[in-house]
Amino acid sequence: MDNKITGGCHCGQFRYETSSELIAPHYCHCGDCRKLYGAVGAGFIVLEDQTTVSGDIAVYESVGDSGNCKKHLFCRVCGTPIGERVDAFPGTLVFTPGTLDEPARFKPEAHFWVSRKAPYTNLNDTLTKLDTQPEG
């Protein structure tokens, strides 16, 4: 099996390739994810030094529920949410699983920020449920 993981945006202008393992694959229920991704976010972390990216991205900065600065990444052409950089976790990138060329590579392990989940969200699975996020 090829260890490279690839993905990109809807229009193909933005692409990435990584040899990093998918770290902490999760669903996120924080206020930012509810607003930016339509209800619940999902992501996985990769090591930046094992990842190459190409294409033009737009960056939107916010302060997350944790108090950390987050740089949300979007394709500048089609608007696909690509992921984010979080100041608290230098050297990493978070990508959204919808960008994966092989979606089956995303195997979520936990729900983050369950304390902030929307009242209409039901968590009827056996994944780990964390009130906030794991510490770095």
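The structure under discussion appears in the preceding block.
Here is a short report on the structure shown in this document. Keep in mind that this is a model prediction, so the values were computed, not measured.

Criteria and cut-off values
- Residues numbered from 1 in each chain as written.
- Predicted model: local features only at pLDDT ≥ 70, side-chain atom pairs only at ≥ 80, totals over all residues.
- Heavy atoms only, no water.
- Core = buried A, V, L, I, M, F, W, Y, C linked by side-chain atoms within 4.5 Å.
- Buried < 20%, exposed > 50% of the residue type's maximum accessible area, 1.4 Å probe, protein only.
- Helix = DSSP H or I, 4+ residues; strand = E, 2+ residues; numbered from the N terminus.
- Phe/Tyr/Trp six-rings, centres within 6.5 Å; stacked < 30°, edge-to-face > 60°.
- Salt bridge = Lys/Arg side-chain N within 4 Å of Asp/Glu carboxyl O.
- Pairing = 2+ DSSP bridges.

The biggest cluster of nonpolar side chains holds 14 residues, and the ones touching the most others in it are Phe14, Tyr16, Phe44, Val46, Ile82, Phe95 and Leu100. Contributions of two or more residues to this core are made by strand S4 (41-47), strand S7 (69-75) and strand S9 (92-95). Counting residues in each nonpolar core, the second largest holds six residues, with Cys28, Cys33, Ala110 and Trp113 among its members.

Here the structure, examined in full by the defined rule, presents five aromatic pairs. Taken together, a centroid distance of 3.9 Å and an interplanar angle of 5° make the contact between tyrosine 16 and phenylalanine 95 stacked. With tyrosine 16 in strand S2 (residues 15-18) and phenylalanine 95 in strand S9, this pair connects stretches of sequence that are 79 residues apart. Overall, the relative accessible area of 2% leaves tyrosine 16 in the buried class. When the ring of tyrosine 27 is compared with that of phenylalanine 106, the centres are 6.1 Å apart and the planes differ by 80°; the resulting orientation is edge-to-face. Of this pair, tyrosine 27 sits in strand S3 (residues 23-28) while phenylalanine 106 is found in the loop between S9 and strand S10 (110-112), placing the two residues 79 residues apart along the sequence. The exposure class of tyrosine 27 is partly exposed, given its relative accessible area of 26%. Residue classification places phenylalanine 106 among the buried positions, given a relative accessible area of 14%. An aromatic cluster of three or more residues is present, and its members are Phe14, Tyr16, Tyr27, Phe44, Phe95 and Phe106.

Oppositely charged side chains may form a pair once their charged atoms are brought near each other. Tallying each qualifying case throughout the model produces eight salt bridges. Between glutamate 48 and arginine 85 there is a salt bridge, and its shortest N-O distance comes to 2.7 Å. Of the two residues, glutamate 48 is situated in the loop between S4 and strand S5 (51-54) and arginine 85 in strand S8 (residues 81-86); the sequence distance between them amounts to 37 residues. Note that aspartate 56 and arginine 76 form a salt bridge whose closest N and O atoms lie 3.0 Å from each other.

Further remarks concern the sheet that holds S4. With respect to topology, eight strands assemble into an open sheet ordered S6-S7-S8-S9-S4-S3-S10-S11, the strand pairing being mixed. The sheet is open, and its two borders are formed by strand S6 (57-63) and strand S11 (128-129), each paired with just one other strand.

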